[in-house]
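Remarks on the overall topology
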Number of protein chains: 2
Amino acid sequence: MSTVIALETSDVRFPTSRSLDGSDAMNLDPDYSAAYVRVVTDADDHANAGLEGHGFVFTIGRGNDVQVAAIQALEHHLVGRNTEELLANMGATWREFVWDSQLRWLGPEKGVMHMAIGAVVNALWDLKAKRAGLPLWQLLSRMSPEEIVELVDFRYLTDALTPDDALQILRAAVPGRAQREAALLASGYPAYTTTPGWLGYTDEKLVRLAREAVDDGFRMIKLKVGGDVDDDIRRLRLAREAVGPDIAIGTDANQRWGVDEAIQWMSRLAEFDIAWIEEPTSPDDILAHAAIARGVAPIPVATGEHVANRIMFKQFLQADALQILQIDATRVGGVNENIAILLLAAKFDVPVCPHAGGVGLCEAVQHLSMFDFIAVSGSTEGRMIEYVDHLHEHFVTPVDVRGGAYRAPTAPGAGAQMHETSRAEYAFQ
Amino acid sequence: MSTVIALETSDVRFPTSRSLDGSDAMNLDPDYSAAYVRVVTDADDHANAGLEGHGFVFTIGRGNDVQVAAIQALEHHLVGRNTEELLANMGATWREFVWDSQLRWLGPEKGVMHMAIGAVVNALWDLKAKRAGLPLWQLLSRMSPEEIVELVDFRYLTDALTPDDALQILRAAVPGRAQREAALLASGYPAYTTTPGWLGYTDEKLVRLAREAVDDGFRMIKLKVGGDVDDDIRRLRLAREAVGPDIAIGTDANQRWGVDEAIQWMSRLAEFDIAWIEEPTSPDDILAHAAIARGVAPIPVATGEHVANRIMFKQFLQADALQILQIDATRVGGVNENIAILLLAAKFDVPVCPHAGGVGLCEAVQHLSMFDFIAVSGSTEGRMIEYVDHLHEHFVTPVDVRGGAYRAPTAPGAGAQMHETSRAEYAFQ
């Protein structure tokens, strides 16, 4: 038996704006940051002593302190609590955070307060996985369908997905779990890369990085668009020449457009055989996404990194407003809510291609896709995890991406743990 | 010429949970609170010296400190800036806050960070109105259609409302502005009261307060529902007996239900001649509201106090998911965004009945309805402002509600200024 004795936060910021890594049509000068949380217990038994749960919210600079303050506001839910009880009932633990009626007013279930809950939930999952001696993807993949359903809050979902629907999806994937786990351990999970495509890069750098991506085994690259249509055409032409006809090229407008503008702009880019258009407009605008999807077809619409919660994702699916669903590890209420979203995607038969990059998003989100492959959708077809090759060195168990695939991590935990030295060196004053 | 020299915040909390004022099916024990902001300048000319802009975000207790931190994160946008420039271009000022690309990541345009922007925007409007020597409603109502359109950010709106649409609506309301202003000053703006209807009140208190409401001239009362259907039936029967057949009774479920539950529950309450069902489900769930609206017709669906921004309101209107639109003074990005929402409502010909109560929401939101009457919709038909009779004594210019109507305030400003003594006495430690 042990007790949670501390929830420690830190404000970590990397000065990425200096090199324009991460620059796009909406985010001109991001300083990739993490509102970081560490859950500490007084466990003194051999197996659990010293194990900590780590989690974070990814932000792009200013306001990271507000995000840290929101995580601290959850302290009373954790400190002094029985660790084993919290970890044994992660569904109930999630509900307790999300249904705190006073905190809920600050969202509800969106923005700073909801992301703070996500960070703490993810830190608890990290601790739970470490205690089990398993990487998170494996811990989740070995739970029974009934246990998984128990993690999900179905309030506001049942018009699209009932607990029975979820059970059916999960039970259908039980046969083959072992084979898929073996395949995953052997071959990894497909990745695509955004590294060549930032708006702030020169043409020369774009071409060089695009070629390198192909040489590294990636089957898809992604380019930021939406700043200037003639620039986009030039950059897409260069990229297409660099990678050849067989490599997919996705585009990402980072919420830049309204409905008409999106449709017109994409009609000019269509000749380059576009794999998807990502975030064409506001992440809140389900109906606009649906109109754009109709207008740019057959180019699929991808979105999700800024979609606030499972209720919004549900509607995107109901309205056929996205054809590729992009979960994010730190935007919604953590692992539990992302499981709900994976189940919704499976119900609607829409592939999930997670958003990653930033700080630690690759490390965190890979576990969810691998769990999806083994225990939910049972497929990697049309599915890839985004990859960007910076800031991984700050993590204790950095991703291992080779031959265009994420290699399945084997270290216990959820992947979010940052080196103490990095947290100290980049602590924001 | 003057400069903004300070943005001062305070964490003010009233222990309302002790008396169960404000209790409903989702919010069992709210402590009505304000994340309060004061904008101070160094103006030393006779007209403007000592004038301050006051604003706040209403919360219900825990997390008010997070909201205060978010307001503080906007300090760099204000302190050291030229006051006259900020106030002369309130459209540009709004865009500067909302389009801060790093802060935007924390929403975007929703939750804690967006409400913080709303508080600061409202404080600037308060200062602008005080400098003009006018109550906010009058300041806004005297602006030209072109000036009003300039305040609105049409990004993500033009598939439903273009600047030209807005101009047309505003120009159509120019004739008659003076007559409507005179009528407003003579008779006030219609109000309804939620005072009798909190879930935590006894039947005896409900009946007594319902009778008092009618005696006080209100033509509508509202009851919280959604805790227990048999309780709701008993309370509605008592209320209907107390007020007679001619007084409207609205109901408010505070997001308690899913689609099917909402429709079934309301079918049991329909016999009491329900004026509207408010917040039947999640404020993010446009499609569920639309399904509920179809299922409970002819009872109209009302919602809005938790709707995060103009983009969500646009879709509620596009999907016919609400028949009564409830703006809130401190949920969205302040006066500018509420003007966008009033214009959307006018375009779709949907009446606006603001949410109020809480701390200072009545004082703040009345200005928007009065502006709507004079310069946007030109009508009070089917429109009422919510009224709850507590905590007004803490405000410098408390609302004056008599004979079931809000009397038009004449004091300069936006109404949000709390007594310094109240802020000090209820400062949260």
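Residues numbered from 1 in each chain as written. Chains lettered and ligands numbered in written order. Predicted model: local features only at pLDDT ≥ 70, side-chain atom pairs only at ≥ 80, totals over all residues.

It is worth spelling out the overall build of chain A at this point. Along chain A, the regular secondary structure elements total 18 helices and 12 strands. A compact globule built from 429 residues would reach a C-alpha radius of gyration of about 22 Å, and chain A, at 21 Å, matches this within 12%. Summarising its shape, the C-alpha atoms of chain A cover approximately 60 × 50 × 45 Å along the three principal directions. Split into buried and exposed, the 429 residues of chain A put 62% on the buried side. Contacts in chain A between residues at least 24 apart in sequence constitute 77% of all its contacts with a sequence separation of at least 6. (Helix = DSSP H or I, 4+ residues; strand = E, 2+ residues; numbered from the N terminus. Rg over C-alpha atoms; globule rule 2.2 N^0.38 Å. Buried ≥ 20, exposed ≤ 12 C-beta atoms within 10 Å, placed from the backbone. Contact = placed C-beta atoms within 7 Å.)

With that settled, consider the sheet that holds strand 2 (residues 33-41) of chain B. Sheets are built from strands paired through backbone hydrogen bonds, the pairs being either parallel or antiparallel. Residue and element names in this part refer to chain B. What the 3 strands build is an open sheet, ordered 1-2-3; its pairing is antiparallel. Lying at the two open borders of the sheet, with one neighbouring strand each, are strand 1 (4-13) and strand 3 (53-59). With strand direction ignored, the average angle separating the axes of adjacent strands in the sheet is 15°. Two elements, strand 2 and strand 3, share 7 bridges in a ladder whose sense is antiparallel. Each residue of the ladder has a partner; that of Ala34, found in strand 3, is Phe58. (Pairing = 2+ DSSP bridges. Axes fitted to C-alpha atoms, helices over the stretch in contact; angles between N-to-C directions.)

Another aspect to go through is the domain arrangement of chain A. All names here are of chain A. For chain A, the domain assignment lists domain 1 (4-133) and domain 2 (177-425). Summarising the inter-unit geometry, the C-alpha centres of domain 1 and domain 2 are found 23 Å apart. In this complex, domain 1 contributes 39 residues to the contact, which on the side of domain 2 involves 34 residues. Within the residue set of the side of domain 1 that touches domain 2, elements represented by two or more residues are strand 1 (4-13), strand 2 (33-41), strand 3 (53-59), helix 4 (90-98) and helix 6 (111-132). Broken down by element, the side of domain 1 that touches domain 2 gets its largest block of residues, 12 residues, from helix 6. (Domains from an automatic or database assignment.)

In this assembly, 50 residues from chain B lie in contact with 50 residues from chain A. Elements with a minimum of two residues in the side of chain B that touches chain A: helix 1 (64-72), helix 5 (101-104), helix 6 (111-132), helix 14 (286-296) and helix 15 (310-318) of chain B. For the side of chain B that touches chain A, the element with the highest residue contribution is helix 1 of chain B, accounting for 5 residues. Of the residues contributing to the side of chain B that touches chain A, the split by class is 25 nonpolar, 17 polar and 8 charged. (Nonpolar A, V, L, I, M, F, W, Y, C, P; charged D, E, K, R; others polar.)

Turning to helix 4 (residues 90-98) of chain B, a few remarks are in order. Spacing of three or four residues puts side chains on the same side of an α-helix, whose turn is 3.6 residues. Residue and element names in this part refer to chain B. Regarding helix 4, the residues found buried are Met90, Thr93, Trp94, Phe97 and Val98. One face of helix 4 carries all of its buried residues, which in axial projection span an arc of 125°. On the buried face of helix 4, the contacting elements are helix 2 (75-78), helix 3 (83-88), helix 6 and helix 16 (334-347). (Arc of directions from axis to C-beta.)

Here we come to unusual backbone geometry. Glycine aside, residues mostly have negative phi, and peptide bonds are mostly found in the trans state. Residue and element names in this part refer to chain A. Going from Gly107 to Pro108, the amide bond is cis rather than trans, its omega being -15°. Position of Pro108 relative to the elements: it lies in the loop between helix 5 (101-104) and helix 6. The step from Ala297 to Pro298 runs through a cis peptide bond, and the omega angle for that step is 10°. For Pro298, the position within the fold is in the loop between helix 14 (286-296) and strand 8 (301-303). Residue Asp349 is not a glycine yet carries a positive backbone phi of 60°. A residue is classified by how many C-beta atoms lie within 10 Å of it, and Asp349, with 9 of them, is exposed.

On to the environment of Thr83 of chain B, then. Residue and element names in this part refer to chain B. By the element assignment, Thr83 lies in helix 3. We classify Thr83 as buried; it has 25 C-beta atoms within 10 Å. Each C-alpha atom, one on Thr83 and one on Leu134, is 18 Å from the other, the two residues being 51 residues apart in sequence. Discounting chain neighbours no more than four positions away, the residues touching Thr83 are Ser2, Thr3, Val4, Thr41 and Ala43.

With an RMSD of 0.0 Å, chain B superimposes on chain A once it is rotated by 180° and translated 0.0 Å along the axis. When the rotation and shift are considered jointly, the pair of chain copies conforms to a two-fold rotation axis. Considering only C-alpha atoms, the part of chain B nearest the rotation axis is Gly111 of chain B, at 2.4 Å. Interface residue correspondence from chain B to chain A reaches 100%, placing this contact among same-surface, isologous pairings. (Least-squares fit on C-alpha atoms with pLDDT ≥ 70 in both.)

In this model helix 12 (residues 229-243) of chain B runs 21 Å from its N-terminal to its C-terminal C-alpha over 15 residues, within 8% of the 21 Å that 1.5 Å per residue would give. Among the residues trailing helix 12 of chain B, Gly244 of chain B stands out with phi positive, at a value near 80°. (Expected span 1.5 Å × (residues − 1).)

Turning our eyes to something else, we now look at the sheet that holds strand 2 of chain A. All names here are of chain A. Pairing in this open sheet of 3 strands is antiparallel, and the strands run 1-2-3 from one edge to the other. Each having just a single partner strand, strand 1 and strand 3 make up the two edges of the open sheet. Strand-to-strand, the axes of this sheet are offset by a mean angle of 15°, without reference to chain direction. Against the sheet, helix 1 (residues 64-72) engages strand 1, strand 2 and strand 3, with an angle of about 175° to strand 1. Sheet strands in contact with helix 6 are strand 2 and strand 3, and its direction is about 150° off that of strand 3.

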